[in-house]
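One-letter residues, chain by chain:
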Amino acid sequence: MEIENLEYDQERALYDSHNVIARNCRFDGPADGESAFKESSDIVAEHCYFNLRYPFWHNNDTTIVNCEMTENCRAALWYSKNLIIQHSILHGIKAVRECSNVFINECDIVSPEFGWSTNKLAIKNSSATSEYFLMNTKDVTIENLNLTGKYSFQYMRKSSVMDSQLDTKDAFWHAKKVTIKNCKIKGEYIGWYSENLTFENCTISGTQPFCYCKNLRLINCRLDDADLAFEKSSVRATLTAPLVSIKNPASGKINLPKAGDDEGLNQIISTEKGSCKIVLL
């Protein structure tokens with residue numbers, strides 16, 4: 001079935017629909033109905049406008065292209081599988097949650113709690129503004145993302161982030177088995193309580209990074225404005241520039257360029273506890 005240039009505002013307007021293509025349709029109006037496509041499958045939405053709540057819950061095989069979901073389109077995609085979202089605006093709170101097998105490309109995301117508890121998620125060539133971005137996610141791949149956030153990637157597992165700009169404090173807390181490559185990261189308290197994080201060819205700025213980490217690896221990374229780094233962490237790091245200070249790493253080895261005289265080095269490196277070896281190159 002194909003529908004075009006229609007407007008729906010009633011409750012469950014297209015509930016339990018299957019094999020539907022909707023073009024240039026508006027989900028908006030005075031009836032203020034919700035759950036337009038709930039419990040549906042094989043849905044394609046092209047150039048549609050969504051201004052009502054919960055349009056895609058418990059859906060399978062849904063493609064959304066060149067669509068707009070406004071800030072009134074709350075909790076747009078929940079409990080759904082096999083989603084493709086491209087060239088779209090996702091501005092509703094809690095836009096994606098507890099979904100699986102999701103592909104997002106060239107989208108503008110403004111959603112404070114985006115992507116929670118979602119598995120097998122790919123995000124490419126997109127921008128996002130989100131306070132708690134991708135919390136408790138698994139099997140995520142991210143490429144070319146421009147993120148503005150606060151508490152991003154908490155409890156993320158078995159995932160990768162590449163070629164991205166991340167402006168976010170408290171990122172990667174409690175994350176496990178996550179690899180971050182070729183990224184520029186600005187934030188505070190990065191990576192605390194994480195396990196098996198790997199950063200490669202990254203520039204990272206901000207205070208007190210990487211404390212209480214297990215099996216942290218930094219490969220050819222630069223830490224700018226980093227003070228009290230690596231406290232109580234097990235770490236293997238090769239750094240490309242000096243940093244402000246290191247505080248009591250637990251174990252491992254840190255290679256970093258020498259900066260200043262010996263007296264200055266004693267002030268920036270504190271290893272009163274633990275067995276971490278620090279090598280000045």
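Source: prediction; values computed, not measured. (Residues numbered from 1 in each chain as written. Predicted model: local features only at pLDDT ≥ 70, side-chain atom pairs only at ≥ 80, totals over all residues. Heavy atoms only, no water.)

### So, the overall build of the protein chain
Which entries qualify depends on this criterion: Labels follow the DSSP assignment, with helices taken as runs of H or I lasting at least four residues and strands as runs of E lasting at least two, numbered in each case from the N terminus. Three exposure classes are used, based on accessible area relative to the maximum for each residue type with a 1.4 Å probe and protein chains only: buried under 20%, partly exposed in between, and exposed over 50%. Contact between two residues is taken to exist if any of their heavy atoms lie within 4.5 Å; hydrogens are not considered. All accessible-area figures derive from a Shrake-Rupley calculation using a 1.4 Å probe, and residue coverage is judged against the displayed protein chains alone. Just so you know, the count uses Lys and Arg for positive and Asp and Glu for negative, and it drops His and the chain ends. Where a charge sits is defined by one atom per residue type, namely NZ (Lys), CZ (Arg), CG (Asp) or CD (Glu).
When helices and strands are tallied, the protein chain shows 1 helix and 29 strands. Looking at the 281 residues of the protein chain, the share that counts as buried comes to 48%. The long-range fraction of contacts in the protein chain, counting pairs at least 24 apart against all pairs at least 6 apart in sequence, stands at 7%. Surface accessibility of the protein chain: about 12,500 Å² in total, with carbon and sulfur atoms responsible for 42%. Considering the protein chain, the positive charge centre built from 31 side chains and the negative charge centre built from 36 side chains are found 10 Å apart.

### Points about the environment of Asp32
Within the element layout of this structure, Asp32 appears in the loop between strand S4 (26-27) and strand S5 (41-46). Taking relative accessible area as the criterion, Asp32 reaches 37% and is therefore assigned partly exposed. Sequence spacing of Asp32 and Leu52 is 20 residues, and the spatial spacing of their C-alpha atoms is 6.5 Å.

### Let's talk about the pairing of strand S27 (residues 251-256)
As a reminder, the rule being used: Think of it this way: DSSP has to see at least two bridges between two strands before they count as a pair.
The pairing of strand S25 (residues 234-239) with S27 spans 5 bridges and is parallel. Across the sheet, residue Thr238 finds its bridge partner in S27, namely Asn255. Bridging between S27 and strand S29 (residues 277-280) involves 4 bridges; their strand directions are parallel. What sits directly across from Lys253, in S29, is Lys277.

### Describing the pattern of salt bridges
Rule in force here: Here, a salt bridge means any side-chain nitrogen of Lys or Arg that lies within 4 Å of a carboxyl oxygen of Asp or Glu.
Within the structure shown, the criterion is met by 10 salt bridges. Ionic pairing is found between Arg53 and Glu34, a salt bridge with its closest N-O pair at 3.3 Å. In this pair, Arg53 sits in the loop between strand S6 (49-50) and strand S7 (56-57) while Glu34 sits in the loop between S4 and S5, placing the two residues 19 residues apart along the sequence. Its salt-bridge partner being Glu113, residue Arg97 comes within 2.8 Å of it at the nearest N-O pair. With Arg97 in strand S13 (residues 96-97) and Glu113 in the loop between strand S15 (108-110) and strand S16 (119-130), the pair connects residues that are 16 residues apart, well separated along the chain.

### Overview of the sheet that holds strand S10 (residues 77-78)
Read from one edge to the other, the open sheet built from 3 strands follows the order S7-S10-S13, with strand pairing classed as parallel. With partners counted over all chains shown, the strands left at the sheet margins are S7 and S13, one partner each. Bridge count between S10 and S13: 2 bridges; the pairing is parallel. Residue pairing for S13: Leu77 is matched across the bridge by Val96.

### Considerations on the pairing of S16
Bridging between strand S14 (residues 100-105) and S16 involves 5 bridges; their strand directions are parallel. The residue bridging Asn105 from the neighbouring strand is Lys124, located in S16. In this sheet, strand S17 (residues 138-149) lies alongside S16 in parallel orientation, the contact comprising 10 bridges. If you follow Ala122 over to S17, its bridge partner there is Thr141.

### Overview of the environment of Ala36
With respect to the helices and strands, Ala36 occurs in the loop between S4 and S5. The exposure class of Ala36 is buried, given its relative accessible area of 9%.

### Examining the packing of aromatic side chains
By convention here, two paired aromatic rings are described through the distance between centres and the angle between planes. Applicable threshold: Note on ring pairs: Phe, Tyr and Trp rings are taken, using the six-membered ring of Trp, and paired if centres are within 6.5 Å. Classes follow the plane angle, with under 30 degrees stacked, over 60 edge-to-face and the rest tilted.
Throughout the structure, instances matching the rule amount to 23 aromatic pairs. Relative to Phe56, the ring of Phe37 has its centre 5.3 Å away and its plane inclined at 0 degrees; by these criteria the two rings are stacked. Taken as a pair, Phe37 in the loop between S4 and S5 and Phe56 in strand S7 lie far apart in primary sequence, 19 residues in all. As far as burial versus exposure is concerned, Phe37 and Phe56 are alike and both buried. With 5.7 Å between their ring centres and 80 degrees between their planes, Tyr189 and Trp192 make a pair best called edge-to-face. Here Trp192 falls in the buried class, since its relative accessible area comes to 13%.

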